[in-house]
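Residue strings, one per chain:
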2 protein chains.
Amino acid sequence: MTPSLLAVDWGTTSLRGALLDAMGQVIEERAFMLGIMNVPAGAFADTFETSFGDWMAATPGLRCLMAGMVGSRQGWLEAPYCACPAGFADIAGALAWVRPGQIAIVPGLRCEQAERQGEHLADRVPDVMRGEETQVFGAMQALGLSDACLVLPGTHSKWVQVRAGRIEHFSTFMTGEMFALLRQHSILARTLPAQDTALDEAAFLRGVRRALASGSLMQTAFSTRTLALFDQASPEQLLSYLSGLVIGEELRVQARLGAKHVVLIASVDLARRYQLALAECGVSCVIPGVHITWAGLFAIAKSMSMS
Amino acid sequence: MTPSLLAVDWGTTSLRGALLDAMGQVIEERAFMLGIMNVPAGAFADTFETSFGDWMAATPGLRCLMAGMVGSRQGWLEAPYCACPAGFADIAGALAWVRPGQIAIVPGLRCEQAERQGEHLADRVPDVMRGEETQVFGAMQALGLSDACLVLPGTHSKWVQVRAGRIEHFSTFMTGEMFALLRQHSILARTLPAQDTALDEAAFLRGVRRALASGSLMQTAFSTRTLALFDQASPEQLLSYLSGLVIGEELRVQARLGAKHVVLIASVDLARRYQLALAECGVSCVIPGVHITWAGLFAIAKSMSMS
């Protein structure tokens, strides 16, 4: 099996790479705790060499495509955000080449959030993603779709609209970060268990329902404290309840959009939570079964060869 | 001027007291950084004696009424929450007596938040306040009102409905705490100024408008980061913008209630922000001009003398 692409996912906290064959199948994989936060400025080339130099040397002419925060201002080389709508061709045409013809970074995407403002002129603010665009393209490829609504839960959850193979619009929610802030640094932390505990589905869904029926997490979150104050829930239940409040908040806003079927890209634990919460909104989901970042990088590389 | 009441506001971070005359006017005031968090368990009586013992000794028979977290489980003596609706008489009848006939603690209030849940049975969760009830009664007294919607911004903002002189319902928003969490512990902290800066009204109102037009702070908050990423606002502007997003979130939910006039109980800085934000919603406000905690404690004491 001759390697055709070195696919690299270089994020904030970790560095992962895979050698892909001509069909996009994984030949070999590696992972390092060498996220861009752990790499000193100027040391990206050395880190790359140490991590993947032998693979590059073993296959002369091997190309490498990288996705993730490695293309941010704090990364190896800044890959300016590509404006939406953006598809394979737009991204392939906007790669940031670290070594021309050999190593390139996939750009992140930007779009604008414009809101109705009553009598006021609509104000526009930018939104961004970096890394998720590659996962989205990988998932679309793997599922054989050209139109979809995709959900990528996480520290900063993304909801992505793809039409005719191009990412048309997306929106970021600070869901995972908000949960961590409330869980670790707020007054709620006092009555939550110190260690994470297994999901209590009933308590989680109670939180989801409350979030869906109310107007703001700032209001619902306080009930995590009062339920403890009146001994109406155990610390373990409250942790699942808070998780439901936060995820339910995201779904309350997005449920307005009316998608009845979404593509869900998440870790096993988050996927379970989102499946439960989405079902509560009457939304079904499909989870791609392959390594979508590798699939996405392979698809982008392939579109380059064809152009 | 013979003192008729020692009014004490004993909160989480500070201890304040005032000697009031027979008309409720302040004769003398004291403040200490001796909130209940700084008082060891069992040391409340000593702390009280050191702070106000001379005043109590100078006027034999002087009564003392205390409000605030001193009545919580972590305080001097737990004063169980009084159920809403609750007026002067309900509170006066539920005082927790530290020294019978002499020193008493005003109980906090509880109510229930029930939400429409579509096809689901309405779930109820408790809400609580401790200290604000006294401010509310003081403000109603000072303004000569028996019906009002009151707003008490802060770490945990309260919106309070008073009808026929009784607190009928209230709702808590973790507004101030959410701002502090985002400002200090979130990814947004990286692009905000280290020190607090003067309010930029235009940036603040931009945040308020965005919050009013959107669905969740979890979504709007991320724009604080992206505006920085594209250099579309200075760090100082972003701090005011984030403040507008958070306060606007509270108002978006409460604006539904339809009150066109509210009583605003806030510090000077917060009062300015809420006035600006409320005006954006077409809501006018009045700010009581007296020390309302003292007025509230005096009113409760007076209702006891009459009963």
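Residues numbered from 1 in each chain as written. Chains lettered and ligands numbered in written order. Predicted model: local features only at pLDDT ≥ 70, side-chain atom pairs only at ≥ 80, totals over all residues. Heavy atoms only, no water.

The assigned domain composition of chain A is domain 1 (5-144 + 291-306) and domain 2 (173-286). Once you take the C-alpha centre of each, domain 1 of chain A and domain 2 of chain A turn out to be 30 Å apart. (Domains from an automatic or database assignment.)

This part covers the interface of chain A and chain B. Taken together, the 58 residues of chain A in the interface contact 58 residues of chain B. For the pairing of chain A and chain B, the buried interface totals around 5,100 Å² over both sides, and the portion due to carbon and sulfur atoms is 60%. In terms of surface lost to chain B, no three residues of chain A exceed Arg210(A), Met218(A) and Phe222(A), which account for 16% of the buried area on that side. Our enumeration of links across chain A and chain B arrives at four salt bridges. Note that Arg210(B) is salt-bridged to Asp123(A), the shortest N-O span being 3.8 Å. The set of elements that each furnish at least two residues to the side of chain A that touches chain B consists of β8 (109-114), β9 (124-129), β12 (166-173), α4 (175-185), α5 (201-213), α6 (217-220), α7 (222-229) and α8 (235-255) of chain A. Of the residues forming the side of chain A that touches chain B, the biggest block, seven residues, is contributed by α8(A). Tallied by class, the residues present in the side of chain A that touches chain B amount to 23 nonpolar, 17 polar and 18 charged. (Contact = heavy atoms within 4.5 Å. Buried area = accessible area lost by both parts, 1.4 Å probe. Salt bridge = Lys/Arg side-chain N within 4 Å of Asp/Glu carboxyl O. Helix = DSSP H or I, 4+ residues; strand = E, 2+ residues; numbered from the N terminus. Nonpolar A, V, L, I, M, F, W, Y, C, P; charged D, E, K, R; others polar.)

Residue and element names in this part refer to chain A. The final tally for this structure, using the stated rule, is 16 aromatic pairs over all chains. Pairing Phe32 with Phe52 gives two aromatic rings, centres 5.8 Å apart and planes at 80 degrees, and the pair type is edge-to-face. You can see Phe32 sitting in strand β3 (residues 26-32) and its partner Phe52 sitting in helix α1 (residues 44-58), a full 20 residues away along the chain. An aromatic cluster of at least three residues, connected via ring pairs, comprises Trp10, Phe32, Phe44, Phe48, Phe52, Trp55 and Trp76. (Phe/Tyr/Trp six-rings, centres within 6.5 Å; stacked < 30°, edge-to-face > 60°.)

A few words now on unusual backbone geometry. Residue and element names in this part refer to chain A. Between Cys84 and Pro85 the backbone carries a cis peptide bond, its omega angle lying at 0 degrees. Among the secondary structure elements, Pro85 is positioned in the loop between β5 (82-83) and α2 (88-92). A positive phi angle, close to 50 degrees, is found at Ala164, a residue other than glycine. Following the sequence through the fold, Ala164 ends up in the loop between β11 (157-163) and β12.

Attention now moves to the relation of the copies chain A and chain B. For these two chain copies, the linking operation is a rotation about an axis paired with a shift along it. Screw-axis analysis of chain A against chain B gives a translation of 0.0 Å along the axis, an RMSD of 0.0 Å, and a rotation angle of 180 degrees. The symmetry that links the two subunits is that of a two-fold axis. A symmetric contact is evident, with 100% of the interface residues of chain A recurring at the interface of chain B. (Least-squares fit on C-alpha atoms with pLDDT ≥ 70 in both.)

So, about the sheet that holds β9(A). Residues and elements named next belong to chain A. Here we have three strands laid out as an open sheet, ordered β5-β8-β9, and mixed in their pairing. The open sheet has two edge strands, β5 and β9, and neither has a second partner. Of the strand pairs in this sheet, β8 and β9 are connected by six bridges, and their pairing is antiparallel. Note that in β9 the partner of Ala114 across the bridge is Arg124. (Pairing = 2+ DSSP bridges.)

Moving on, we come to the environment of Leu192(B). Residues and elements named next belong to chain B. One can find Leu192 in the loop between α4 (175-185) and α5 (201-213). Along the chain, Leu192 and Pro80 lie 112 residues apart, while their C-alpha atoms are 41 Å from each other. Those residues in contact with Leu192, other than ones at most four positions away along the chain, are Arg183, Thr224, Pro235, Leu238, Leu239 and Leu242.

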